[in-house]
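The residues making up each chain are set out below.
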Amino acid sequence: MKPRPKALPKRRKVPVPGTDRIVLDSYFRLERNLADGVFPEQAEDEQREEMAAAMREAVKALPKGMHPPREVLREAALWTGVREWCFPLEEDEMDLGAGTALYIGRAGSVQYAIGLNQCANLVIWAEQARGDREEPALVLEGLVRLLGKRLEYAFRPDAGYLTADTSRLGTGLAATALLHLPGLSLRGLVPAVARGLEEIGFGLRHAFGGKDPHRIGPPAQSADGPASGNLYALSNLHRGGRYFSEKLVFQVVRRQAEDLCAKELEARERLLEDVPREVADRTARSRAAVQAAYLMPFGEALDHLSMLRLGAETGILPLRRPEALDGLVAELQPEHLKARFAPLDVSRRLRAARAEVLRRALKDADAPAEKRLDKE
Amino acid sequence: MLCEKCKENEATVHLTQFLDGRIRSVHLCEGCASAMGVDVQGGTLDMGRLLEDMRRQVEEVVGGKPSRGEGALSVPPMPSACPQCGMRREEIRRTGNPGCPRCYETFRAVLLPGADELGTYQGWRPKEFPEGEAPAAPDDRTPGAGDSAAAPERAPGERPLAARMRECRRSLESKQRRLQEAVEAERYEKAAQLRDEIQALKRELESLSTGPEGDEDA
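Residues numbered from 1 in each chain as written. Chains lettered and ligands numbered in written order. Predicted model: local features only at pLDDT ≥ 70, side-chain atom pairs only at ≥ 80, totals over all residues. Heavy atoms only, no water.

Draft legend 1. Looking closely at the overall build of chain A. The secondary structure content of chain A amounts to 12 helices and 10 strands. Taken across its 376 residues, chain A has 54% of its residues classed as buried. Of the contacts formed within chain A by residues at least 6 apart in sequence, a portion of 74% connects residues at least 24 apart. Total accessible area on chain A stands at roughly 17,300 Å², and carbon and sulfur atoms take up 50% of it. (Helix = DSSP H or I, 4+ residues; strand = E, 2+ residues; numbered from the N terminus. Buried < 20%, exposed > 50% of the residue type's maximum accessible area, 1.4 Å probe, protein only. Contact = heavy atoms within 4.5 Å. Areas by Shrake-Rupley, 256 points an atom, 1.4 Å probe, with all protein chains shown as cover.)

Written as structure tokens, this is what we have:
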């Protein structure tokens, strides 16, 4: 007797996800140095203190509309302050030693941080999750202009803003969009897309670890293994200034992100046409894993989240509360878990905490309804 | 392309050498190549001596030694260390990274090679550099600068001749600085071009300063 395969779940009609379901986060980083200062790596402690004092005055003078930033004095306080960030501040850029400072603030739905004497005299980060991607750009521009009223930036018309690394000369701006691209990834199309983007000045990298040697973002914890989750960071490779302005950098990154969203939606459609059973299988396995696991490494958690999100957005796996997936990418990161569930001094407790967060967030995920889609 | 040595004949001998990771090229006519020991038939060549001869010719102008009877020029040499942060020139050449913003001014030829050929800055500008305005030091790259036919900007009460001489001196200083940078960066073609422009400016300054008295009152 020929075995009957398990029926595919009936796909429910759901609205085509908008770009805000694919572009999960917008992240901008801008660096400046002081005209009469010394780059942080070369500066003595006294020089750093002196420069920091001048910059602190400028930060304190920021208008109340930008929400007076809170100064972070301990590393633990940093992660508590940036818990909602998908892209935590990179460890190699962070320094809370002598002559340095870090402020965290909020302007509407945009979170920002101002670093003094980190990798540059002044570094500003602005991030927003799934909002209007023009807002963090406006906040960034506002902050740098307001601070520039009291600070003299190192600038040359023939080079742009001066940096310690000559490859970062120009606008000093890096604009990044975090995209969820399971369709392109599962169809194996990401390398080709990345090569095409690189030719026109954009980088598409794994957002969290992965096999790509050019990964960005914080490195995955060694005990948790490589992380992927079909999450990619699209960013400008060139700092610009000579041929294009900051405004144009914002616009072209946004345009490329929207173009990638269109490609992703097309890839998902083809995926569901070609291999619907495989997609349903992986979605169901992920649902079962997150609802039952006791230990969950970071990379595996991202992979399961990716399948659950794909299932919810394509109608394969209904979720009563699809918004429960939002914010999990940030919440599950090691530093954020440590800040929330202190103390977590060993990897096992970290993985246990992560598994608990996932179980609570997704306990209401329904099993796929078993109805025939095709006859065999 | 004209011969880099005599600047009269067409260059027909093109020599390229790859040494210490850098490509060096020289373009000569047959006469100059033979005079410098290049066997244009057999292909034997002493590239090091050839480049040394050319470098010496340019440095005779830069270092103030007379060359072909022209007047000496004084150009300050590139400092060995940044006056602000103390970063040494050798360290910057080795790492390619400066220690402070002042290093970009001090070692411009090393840190910003080819900046002259790039366009103007398109991004946000700090308040000290509003759109359309050049930095404090005058720059002869702006349209009309150094052009003898253009009327120089005059201070109130300043005579036209004095204004033109002031403009020439300003342009001369800028070109001398750029010549030094070109030599440091081993851009000899650019250095030779600047040398010729400097010599033309000196001739103009000399003629302006020794012209008839009546011209100064015009």
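Draft legend 2. Geometry of the overall build of chain B. Counting its secondary structure elements, chain B contains 7 helices and 2 strands. In sequence order, the secondary structure elements of chain B are arranged as β-β-α-α-α-α-α-α-α. Burial statistics for chain B: of 218 residues in total, 37% are counted as buried. Pairs at least 24 apart in sequence give 45% of the contacts found in chain B among residues at least 6 apart.

Draft legend 3. Geometry of the interface of chain B and chain A. Residue-level contacts link 28 residues of chain B with 39 residues of chain A. With both chains or domains summed, chain B and chain A bury close to 2,700 Å², and 59% of this area falls on carbon and sulfur atoms. Of all residues in chain B, P101, Y121 and W124 of chain B give up the largest surface area on contact with chain A, accounting jointly for 33% of the area buried on that side. Put simply, E105 of chain B and R156 of chain A hold a salt bridge, and the shortest N to O gap is 2.7 Å. Inspection of the chain B/chain A interface yields 8 residue pairs in polar contact (both at pLDDT 80 or more). Per element, the largest residue contribution to the side of chain B that touches chain A is 3 residues, and it comes from helix α4 (residues 101–106) of chain B. (Buried area = accessible area lost by both parts, 1.4 Å probe. Salt bridge = Lys/Arg side-chain N within 4 Å of Asp/Glu carboxyl O. Polar contact = N/O pair within 3.5 Å; in protein donor to acceptor, adjacent residues only side chain to side chain.)

Draft legend 4. Focus on the state of the cysteines. According to the stated counting rule, one finds 0 disulfides over all chains in the structure shown. With no disulfide partner, C82 of chain B has as its closest neighbouring cysteine sulfur the one in C100 of chain B, 3.6 Å distant. (Disulfide = S-S within 2.5 Å.)

Draft legend 5. Here's a closer look at the side chain of T314 of chain A. Residue placement: T314 of chain A occurs in helix α9 (residues 298–314). Side-chain polar atoms of T314 of chain A contact the backbone oxygen of L310 of chain A, separated by 2.6 Å.

Draft legend 6. Layout of the pattern of salt bridges. This structure, assessed with the given rule, holds 19 salt bridges over all chains. Across the pair D281 of chain A and R285 of chain A runs a salt bridge whose closest N-O atoms are separated by 2.9 Å. On the criterion of helical spacing, the pair formed by D281 of chain A and R285 of chain A is a turn pair, its members being 4 residues apart in helix α8 (residues 276–292). Residue D281 of chain A is classed as partly exposed on the basis of its relative accessible area of 35%. The shortest N-O distance in the salt bridge between R360 of chain A and E356 of chain A comes to 2.4 Å. Placement of the pair is R360 of chain A and E356 of chain A together in helix α12 (residues 347–361), with a separation of 4 residues, close to one helical turn. By relative accessible area, R360 of chain A is classed as exposed at 51%. For E356 of chain A, a relative accessible area of 26% puts it in the partly exposed group. One continuous salt-bridge network, built from bridges that share partners, spans R156 and D158 of chain A together with E105 and R108 of chain B.

Draft legend 7. Representation of the nonpolar core in the model. Residues and elements named next belong to chain A. Grouped together as the largest cluster of nonpolar side chains are 74 residues, with contacts concentrated most on I114, L122, L147, L179 and L204. The greatest single-element share of this core, amounting to 7 residues, is contributed by helix α7 (residues 246–274). Grouped together as the second largest cluster of nonpolar side chains are 28 residues, A207, A312, L317 and L362 included. (Core = buried A, V, L, I, M, F, W, Y, C linked by side-chain atoms within 4.5 Å.)

Draft legend 8. Focus on the sheet that holds strand β8 (residues 173–180) of chain A. All names here are of chain A. Strands sit in the order β2-β3-β4-β5-β1-β8-β10-β9 across an open sheet of 8 strands; the sheet is antiparallel. At either margin of the open sheet sits one strand with a lone partner, and together these are β2 (70–71) and β9 (202–206). Relative to strand β3 (residues 101–107), β2 runs antiparallel, the two sharing 2 bridges. Residue E71 lies in a different strand from β3, and its bridge partner there is Y103. The strands touched by helix α4 (residues 134–148) within the sheet are β1 (23–32), β3, β4 (110–116), β5 (122–129) and β8, with β5 carrying the most contacts at an inclination of about 155°. Packed onto the sheet, α7 meets β1, β8, β9 and β10 (231–236) and runs at close to 15° relative to β8. (Pairing = 2+ DSSP bridges. Axes fitted to C-alpha atoms, helices over the stretch in contact; angles between N-to-C directions.)

Draft legend 9. Up close: helix α2 (residues 45–60) of chain A. Residue and element names in this part refer to chain A. Taking 1.5 Å of rise per residue, 16 residues should cover 22 Å, and α2 covers 22 Å from first to last C-alpha, within 8% of that figure. All of the buried residues along α2 are R48, M51, A52, M55, A58 and V59. Looking straight down α2, one finds that the buried residues subtend no more than 115° of arc, so they occupy a single side. Of the exposed residues in α2, the ones pointing more than 90 degrees away from its buried face are E46, E50 and K60. (Expected span 1.5 Å × (residues − 1). Arc of directions from axis to C-beta.)

Draft legend 10. Broad picture of the packing of aromatic side chains. On inspection of all chains with the given rule, the structure shows 4 aromatic pairs over all chains. Each ring, one from Y153 of chain A and one from Y161 of chain A, has its centre 6.3 Å from the other, and the planes form 75°; the classification is edge-to-face. Classification of Y161 of chain A as buried rests on a relative accessible area of 3%. One aromatic cluster in this structure is built from F28 and F250 of chain A together with W124 of chain B. One Lys or Arg, R32 of chain A, reaches over the ring of Y153 of chain A and ends 5.7 Å from the middle of that ring. (Phe/Tyr/Trp six-rings, centres within 6.5 Å; stacked < 30°, edge-to-face > 60°. Lys NZ or Arg CZ within 6 Å of the ring centre and 35° of its normal.)

Honestly, that's just the spatial picture; any functional story needs more than this.
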